[in-house]
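Working through the structure, step by step
If you want the building blocks of each chain, they are given just below.
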Amino acid sequence: MDSCHAVVKNKFSYAYTTEFQYRINQVLECEFYLLENMDCCLIVYQPYRPLIQYGQDLGGDSEVLQLAWTIVNDSLRTDVCLLYPPYQIALACLQLACVVHNRDCKQWFAELNTDMDHIMGVTSHLLSLYELWKNYDEKKEIQSLLQKMPKPNTQPPR
């Protein structure tokens, strides 16, 4: 738990000019409520296995597969893994990688028996993430976000 305070002090010193105001038990309580709201279901299937299978079926281009793997890693920073099945995420990542490498795979995607609207939905989420990363300045935005957070009650209840 002390390492949490050290990370906050070192990495986010620009955001927390004073001591980190939340106690560990408050953070743990919030985590408990999150788990309770999720019905304690923490099983999330990853899109890596379908990505490898589709990559081999597509022709096994290592550059495309490597970029698609990176895009899958980036997708884990969004909620697409909770909204779409892993095979659709893998297909969307392959599609983006093919577009970046100017690889024509329209015929391969046309032969798939899948809903391309869902693939485009995943692609839209990923492009929104990249657009956010392109325009977001953490050091400017973090202060206003921290001001909106509720402050902990440090006085004991009576």
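For the structure, see preceding data.
First things first, this report covers the structure right here in the doc. These figures come from a predicted structure and were not determined experimentally.

**Structural notes on the packing of helix α3 (residues 48-58) against helix α6 (residues 86-100)**
The packing of two helices is summarised by the inter-axis angle and the distance between the axes. One can describe the packing of α3 onto α6 by two numbers: an axis separation of 8 Å at closest approach and a directional angle of 45°. The orientation of α3 with respect to α6, classified from their angle, is oblique. Every pair of crossing elements has a handedness; the one defined by α3 and α6 is right-handed. Contacts from Pro50, Leu51, Tyr54, Gly55 and Leu58 in α3 reach Pro86, Tyr87, Ala90, Leu91, Leu94 and Cys98 in α6. Across the contact of α3 with α6, the residue classes tally to 10 nonpolar, one polar and no charged.

**Side note on the nonpolar core**
Soluble, globular proteins show a tendency: their nonpolar side chains are buried together. The biggest cluster of nonpolar side chains holds 25 residues, and the ones touching the most others in it are Cys93, Leu94 and Trp108. When contributions to this core are tallied by element, the ones reaching two or more residues are α3, α4 (62-75), α6, α7 (106-110) and α8 (116-135). Examining the composition of this core, we find that nine residues originate from one element, α6, more than from any other. Setting aside its immediate chain neighbours within four residues, Leu94 contacts Leu51, Tyr54, Gly55, Leu58, Val64, Ala68, Trp108 and Phe109.

**Looking at the environment of Gln46**
Its place among the elements puts Gln46 in the loop between α2 (24-37) and α3. By relative accessible area, Gln46 is classed as partly exposed at 36%. Beyond its immediate stretch of four places on either side in the chain, Gln46 contacts Leu76 and Pro86.

Conventions used here
Residues numbered from 1 in each chain as written. Predicted model: local features only at pLDDT ≥ 70, side-chain atom pairs only at ≥ 80, totals over all residues. Heavy atoms only, no water. Axes fitted to C-alpha atoms, helices over the stretch in contact; angles between N-to-C directions. Helix = DSSP H or I, 4+ residues; strand = E, 2+ residues; numbered from the N terminus. Parallel < 35°, antiparallel > 145°, perpendicular 65-115°, else oblique. Left-handed = near helix turned anticlockwise from the far one by under 90°. Contact = heavy atoms within 4.5 Å. Nonpolar A, V, L, I, M, F, W, Y, C, P; charged D, E, K, R; others polar. Core = buried A, V, L, I, M, F, W, Y, C linked by side-chain atoms within 4.5 Å. Buried < 20%, exposed > 50% of the residue type's maximum accessible area, 1.4 Å probe, protein only.

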